[in-house]
There are 4 protein chains.
Amino acid sequence: MNFASDNTAGVAPDIMTALAKANEGFVLGYGNDAWTRRAEQRIAEVFNRDVASFLVTTGTACNSLAIANFTPPWGAVLCHENAHIVTDECGAPEFFGNGIKLVGLPGDNGKIAAGVLKAALEKPQWGAPHHVVPSVLSLSQASEAGTIYRPAEIRELAVIAHAHGLAVNMDGARLANALARMNAPADEATWKAGVDVLSFGATKGGAMAAEAIVFFDKERAAGFDRRRKRGGHLLSKHRFVAVQMEAYLTDDLWLRVARHANAMADRLSDKLSAAGIAPVWPVEANEVFALISRATCDILKAKGAAFYERLPDNLPASAAVKPDSVLVRMVTSFATTTAEVDAFVAIASAR
Amino acid sequence: MNFASDNTAGVAPDIMTALAKANEGFVLGYGNDAWTRRAEQRIAEVFNRDVASFLVTTGTACNSLAIANFTPPWGAVLCHENAHIVTDECGAPEFFGNGIKLVGLPGDNGKIAAGVLKAALEKPQWGAPHHVVPSVLSLSQASEAGTIYRPAEIRELAVIAHAHGLAVNMDGARLANALARMNAPADEATWKAGVDVLSFGATKGGAMAAEAIVFFDKERAAGFDRRRKRGGHLLSKHRFVAVQMEAYLTDDLWLRVARHANAMADRLSDKLSAAGIAPVWPVEANEVFALISRATCDILKAKGAAFYERLPDNLPASAAVKPDSVLVRMVTSFATTTAEVDAFVAIASAR
Amino acid sequence: MNFASDNTAGVAPDIMTALAKANEGFVLGYGNDAWTRRAEQRIAEVFNRDVASFLVTTGTACNSLAIANFTPPWGAVLCHENAHIVTDECGAPEFFGNGIKLVGLPGDNGKIAAGVLKAALEKPQWGAPHHVVPSVLSLSQASEAGTIYRPAEIRELAVIAHAHGLAVNMDGARLANALARMNAPADEATWKAGVDVLSFGATKGGAMAAEAIVFFDKERAAGFDRRRKRGGHLLSKHRFVAVQMEAYLTDDLWLRVARHANAMADRLSDKLSAAGIAPVWPVEANEVFALISRATCDILKAKGAAFYERLPDNLPASAAVKPDSVLVRMVTSFATTTAEVDAFVAIASAR
Amino acid sequence: MNFASDNTAGVAPDIMTALAKANEGFVLGYGNDAWTRRAEQRIAEVFNRDVASFLVTTGTACNSLAIANFTPPWGAVLCHENAHIVTDECGAPEFFGNGIKLVGLPGDNGKIAAGVLKAALEKPQWGAPHHVVPSVLSLSQASEAGTIYRPAEIRELAVIAHAHGLAVNMDGARLANALARMNAPADEATWKAGVDVLSFGATKGGAMAAEAIVFFDKERAAGFDRRRKRGGHLLSKHRFVAVQMEAYLTDDLWLRVARHANAMADRLSDKLSAAGIAPVWPVEANEVFALISRATCDILKAKGAAFYERLPDNLPASAAVKPDSVLVRMVTSFATTTAEVDAFVAIASAR
């Protein structure tokens, strides 16, 4: 019953097999190899565009490098106030951006509303040399609340951002889950909706450690190979990160994994709801957030369930918070089984 | 006949097996797992000391993070002028160190002599606020010339460095090769000789992507977990980097691999010498540097040999440079075979 | 009728005279001169302590350098959400701090309440390597709302900060106004109340360009001379910044100027109140904030009054905001005259 | 007898008078004033071009900000190995450039020869992502050896630099001395010769603290106002830095001062030569470098002469170094008198 994170699962079997298979013979390092070419080709196919892509091993590197590419050091990154880049990356974007400022915007369901973005950008304060320059809008797909942006929402936000000179970054650590949920083509939900650069995660979807920075306009990737290198993020035995991405994008593995994880989240959510424990935010990807009692929380842990408590920030007004309520997050993955879900719910609903 | 680098080899079989074996069940991310504990334990055992160690996936990250920990932004890092951190990391140390300065010192055989270090540190220029502060001495083991520092040499340099307030970093991307050659215990050639922080590489020795920053004084590692995280170098599925290091240090795999690579380098060097192509620097690790004619170089490449040409900087006075001489570097690894060596030499000596 | 800022006034006559007088003979540069020694001595006397002080020419440099000295790059600076360092320094603290994060706290009257600070520091999020480390509490004295912290308030905040390992910085761009208002000794309102490092401004008080970073614990200033130099903030003809500070602190000029400016603010506030335009925040230093109608605002400007409009953020609940209300800020200085104040009020109250 | 530096002199009388005169009335801060407009206008006139210029108070800030504008963080700045930016700015260029690398080139007489620059840029090492990108050529005018680059020399270097994609920075802390010596128009020796951005110093020429970054292509100054601000280098009472530059460039004060300083250096050089103490480098600006005996050095100091000893690096082969030789630097300024020069020489030649 491990719902702590989608990174507590191991490596999807197909990816592990591919890794082992790639281990033959001598291959030039640093991306000068056939696996890298194929991974890049797969990414281009998936997004239906001639993109520039760069592989790294962590989501934090992916986000920070991507963002730094689109902002001067005196730039501001507008994002949801609970975004991973704000709360969980120990200042990595600020480090890679040489002191950029992250400006957190409020928003229901973990998402930024168009009106909020517009108001923020139209504040009179941005003009003078005393003020940082809004340079990037970063959207988390799925959001930290487990919700997703539809293409039309992305487009509306991107139009506002572009009109004010900002580039649009998507933190797509769980993009696959969002696409699987919407049954939307990858292009429709990214560059066709206005995304300029994508942090495309494979790790949470079953890779060992593989993420891609995807530039939808290749010309804007100038210099990025050195940016990655000096961040220490260019692997020498690069084929082994490339083959992960290749396998992830082969035979729709990425979407199959995402659909399974989403289905497990739905099952968990549905069964908890039936037991009177409704999710606090819509379950749109592979995360379920719920308020449970401290006693239930304790017993679940005692019986071996793993999950994280979260700060009850930004709960919707409808959330039924009681004095002993605990906000918990359950994440599903390719490795989650119906048995685990059912066992978890059985314990939770016994209370 | 691939001698381009020790990173063109794949993953040593034992390490690949260990990776596959580690892929079972749910495990907490970010290093909170048994593999990480065991890898740390192995490192402590190998170095015979209660150290603090941190795993990352690239040597550049390893060096840059380690060095940044020991220097203020206005610090200088003294190192050989051909050191990897100076020439091949695209300014990563400067980036992680927030604008530190790398001061390259000259030196025969890729090594810094005690007198050179002393003279550099006793230059009167260092005192005032206008000048950077020498803060770190970085030694490459093995050096970029394929030579190694003996414990007594390290000790002599470290005593000078410490007397001037510098910490001693060792770039140990090929430490195993150096230890295997000297048949020296790891402690004698590191902390007992005065090394404060080690970049301990496993990748060139057969790992997929695993390097450790090893602090011999645990207290000096304060804050380092965040330094690594904000560099984007804390892996989420951390067990998979840890298990590589664990396997590398199990049953002396690391030393066995190094011995084999060294032996292949010796064989290559001996046979080339016999054919009149003497190495320009002593072959003390797994690298052979030699001057060959352009014609020989071309024919080797035409017949499928892979190796890199290097700038003929800092050649010893004894080197017999001819107008058409090319300086080439051949690197051996766990995967190098005697057949490859012999085939290479056969072609080279046919000219 | 210039109330735009206290930096629109020129140089106080005594300071200009001192500058001219210092212009004789040859003097070593970079602070190795008698004026610098005397300025340092005056600062020590004023604060009744053997401090380490460093002169620079801008408040932004002063704050940014001071803060950077007390936080690792992965540190967080807690401050009021409207603090100058957050809103008006174009990311300078983030730049000098190598990507630190500024965390803005809400608070009435431009001030941080002890409970708010405590709650922020006791949030469970700070522990892991994923999160930045609260490292500095920065207090603006006077605040951006023109209010001041009393010694007891500072002490309460400092105790909390110190208990959590934070250093306390005071942005004292208008410290003189605060001290003059409270009639408090400088030591009582700074280090005796727990301030570790002070940005001590003279520019707004009549200097041409002179600010001092004052370390109350000299040992914590180690390396700061180089930090200043590499920021480009060590003047070569240093005597001319030093003599400004010396003159500023001679014969209580700094307090006399502050008392005058405060008195002018009081007069302005009192007369506006009498005319039905009550200040929105208590007038405790040399700034008056008031809501006036757009029509009054326009006519004031048309008649030559200079002042800035401000975003109506964080207005107190008691503020009588009307649809056409404009929040304006009036700042007084050594150069403000009663005639100007009265003329301004006459126009404002005519509406 | 103060020859320690041209910054040991005070402020030229005309500039001090102008400062006092500017001290009237209220003036908007941060450069929104008539003095700033006039200073910018004067700079444009002097350089005979519609430039973008920005004032700061130190040469280190001037150089560092200018250079940072023209290089990505992974860029290299090529300059003479004894350039001020390399040796005397405590890593400021590296700090402002977010970890750029300064590559010192050797060269006689403190200057870079075209062949040396060309060879450096044509080294094969610059291509791959592992290597920094040469981005700026920085020329010191006058050089650290007191010599100057003629327009033709600058042009030759700039053509090479531009052909390799580098921008050309001129550190013109003593540009006035160089122009006065050559009797060359400012445009001929800067942008017409290929300089892209100039650090234009007034401080050494008699200002209190005033330097200008001058962009000869205005479009390349985009964002620079924020770069300056976040470095803490935008003065609030900006008129007082502007008026210095205005006065400096009025009625040819800058050239008159430079001519005087140069003449004093010539006198010193000529008289020392006559006494058998020939300068080691051509005296082309306001600096004289000579080898004197330790005994002479001591007696000069004992009798009140002020000057600095320098490391005897890069002495020309012709220099007659004796065991007790000391390399000393004498700098003249607007305030140097013939009497001081003669007194100095009298003592020096008595030995």
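Just so it is clear, the model here is predicted, and its values are computed rather than measured. The numbering scheme is per chain: residues are counted from 1 as the chain's sequence reads. All chains are assigned letters beginning at A, and all ligands numbers beginning at 1, according to the order in which they are written. Thresholds applied to this predicted model are a pLDDT of at least 70 for local features of residues and 80 or more for the giving and counting of side-chain atom pairs; totals over whole chains, interfaces and linings are not thresholded and use all residues.

1. Side note on the sheet that holds strand 2 (residues 75-80) of chain A
Residue and element names in this part refer to chain A. In this scheme, strands are said to pair when DSSP sees at least two bridges between them. Helix and strand definitions here come from DSSP, where helices need a minimum of 4 consecutive H or I residues and strands a minimum of 2 consecutive E residues; each element is numbered from the N-terminal end. In space, the seven strands of this open sheet follow the order 1-7-6-5-4-2-3, with mixed pairing throughout. This sheet does not close on itself; its edge strands, each paired only once, are strand 1 (52-56) and strand 3 (101-105). Between one strand axis and the next, the sheet turns through 20° on average, direction left out of account. Direction of pairing for strand 4 (residues 133-140) relative to strand 5 (residues 167-172): parallel, over a ladder of five bridges. Considered in strand 5, the bridge of S140 is made with D171. Relative to strand 6 (residues 197-201), helix 3 (residues 59-68) is tilted by about 175°, and along the sheet it contacts strand 1, strand 2, strand 4, strand 5, strand 6 and strand 7 (211-215). With axes taken as lines fitted to C-alpha atoms, and helix axes fitted only over the stretch in contact, angles between N-to-C directions fall between 0 and 180 degrees. In this description, a residue-residue contact is defined by the distance between C-beta atoms placed from the backbone, which must lie within 7 Å.

2. Regarding the interface of chain D and chain A
In this complex, chain D contributes 13 residues to the contact, which on the side of chain A involves 13 residues. By residue number, the principal contributor to the side of chain D that touches chain A is helix 9 (residues 224-230) of chain D, which donates five residues. Throughout this entry, Asp, Glu, Lys and Arg are counted as charged residues, while Ala, Val, Leu, Ile, Met, Phe, Trp, Tyr, Cys and Pro are counted as nonpolar. The remaining residues, Gly among them, count as polar. Of the residues contributing to the side of chain D that touches chain A, the split by class is five nonpolar, three polar and five charged.

3. Quick word on the interface of chain A and chain B
Contact with chain A, which involves 42 residues of that partner, is made by 42 residues of chain B. Mapped onto the side of chain A that touches chain B, the elements with two or more residues apiece are helix 1 (13-22), helix 3, helix 5 (92-96) and helix 9 (224-230) of chain A. Residue composition of the side of chain A that touches chain B, by class: 19 nonpolar, 17 polar and six charged.

4. Some details on the pairing of strand 1 (residues 52-56) of chain B
All names here are of chain B. The burial criterion counts other C-beta atoms lying within 10 Å of a residue's C-beta, which is placed from the backbone; the residue is buried at 20 or more, exposed at 12 or fewer, and partly exposed between these limits. Most of strand 1 sits inside the fold, with five of its five residues counted as buried. In strand 1, alternate side chains face the same way, and those of A52, F54 and V56 on one face and S53 and L55 on the other are all buried. Here strand 1 pairs with strand 7 (residues 211-215) via five bridges, running antiparallel. Directly across from F54, in strand 7, lies its bridge partner I213.

5. Quick notes on the relation of the copies chain D and chain A
Each copy is superposed on the other by least squares, with the fit set by C-alpha atoms of residues at a pLDDT of at least 70 in both. Take chain D, turn it by 180°, move it 0.0 Å along the axis, and it overlays chain A with an RMSD of 0.0 Å. Taken together, the rotation and translation relating the two chain copies correspond to the operation of a two-fold axis. If distances are taken from each C-alpha of chain D to the rotation axis, the shortest is found for D:N98, at 3.3 Å. When you check the interface residues of chain D against chain A, 100% turn up at the interface there too, and the contact is symmetric in its surfaces.

6. Digging into the sheet that holds strand 1 of chain B
Residues and elements named next belong to chain B. As summarised here, the arrangement of the seven strands in space is 1-7-6-5-4-2-3, forming an open sheet in which the pairing is mixed. Two strands bound the open sheet, and with one partner strand each, they are strand 1 and strand 3 (101-105). Averaged over all pairs of adjacent strands, the angle between their axes in this sheet comes to 20°, without regard to strand direction. Direction of pairing for strand 5 (residues 167-172) relative to strand 6 (residues 197-201): parallel, over a ladder of four bridges. Residue G172 lies in a different strand from strand 6, and its bridge partner there is F200.

7. Looking at unusual backbone geometry
The linkage connecting C:Q141 with the following residue, C:A142, adopts the cis geometry, with an omega of -5°. By secondary structure assignment, the location of C:A142 is in the loop between strand 4 (133-140) and helix 7 (151-163). If you check the backbone angles, D:D252 has positive phi at about 55° while not being a glycine. Within the element layout of this structure, D:D252 appears in the loop between helix 10 (239-248) and helix 11 (253-274).

8. Topic: the domain arrangement of chain A
Size of an interface: often given as the accessible area lost when the parts come together. Residues and elements named next belong to chain A. The source of the domain bounds is an automatic or database domain assignment. We note that the domain assignment places domain 1 (13-248) and domain 2 (253-350) within chain A. Between domain 1 and domain 2, the C-alpha centre-to-centre distance is 27 Å. Contacts between the two partners involve 22 residues from domain 1, matched on the other side by 21 residues from domain 2. Every element with two or more residues in the side of domain 1 that touches domain 2 is listed here: helix 8 (175-182) and helix 10 (239-248). Residue contributions to the side of domain 1 that touches domain 2 peak at six residues, all from helix 8. Residues belonging to the side of domain 1 that touches domain 2 are distributed by class as follows: ten nonpolar, eight polar and four charged.

9. Topic: the pairing of strand 4 (residues 133-140) of chain B
Each regular strand displays side chains that alternate between the two surfaces of the sheet. Most of strand 4 of chain B sits out of view: eight of its eight residues are buried. A crossover counts as right-handed when, viewed with the strands pointing away from the observer, the path leading from the first strand over the helix to the second turns clockwise. For the crossover that starts at strand 4 of chain B, traverses helix 7 (residues 151-163) of chain B and ends in the parallel strand 5 of chain B, the hand is right-handed.

10. Brief notes about the relation of the copies chain A and chain B
Its rotation angle being 180°, the transformation that places chain A on chain B also includes 0.0 Å of axial translation and leaves an RMSD of 0.0 Å. Most of the interface of chain A is mirrored in chain B: 100% of its interface residues are interface residues there too.

11. Notes on the packing of helix 1 (residues 13-21) of chain B against helix 10 (residues 239-248) of chain B
Residues and elements named next belong to chain B. Relative to each other, helix 1 and helix 10 sit at 140°, their axes nearing to 9 Å. In this view, helix 1 runs oblique relative to helix 10, as classed from their interaxial angle. Two packed elements cross with a definite hand, and for helix 1 against helix 10 that hand is right-handed. Residue-level inspection shows D14, I15, A18 and L19 of helix 1 in contact with helix 10, the latter providing F240, V243, Q244, E246, A247 and Y248. By the definition adopted for this analysis, an angle is roughly parallel if under 35 degrees, roughly antiparallel if over 145, roughly perpendicular if from 65 to 115, and oblique otherwise. Note on convention: near helix rotated counterclockwise from far helix by under a right angle means a left-handed crossing. Clockwise means right-handed.

12. As for the nonpolar core
Under the definition applied here, buried Ala, Val, Leu, Ile, Met, Phe, Trp, Tyr and Cys residues are grouped into a nonpolar core through C-beta atoms within 7 Å. Membership of the largest hydrophobic core comes to 515 residues, with the highest contact counts inside it found for A:V214, B:V214, C:V214 and D:V214. Setting aside anything within four residues of it in sequence, one finds D:V214 in contact with D:I43, D:F47, D:V51, D:S53, D:V197, D:L198 and D:F200.

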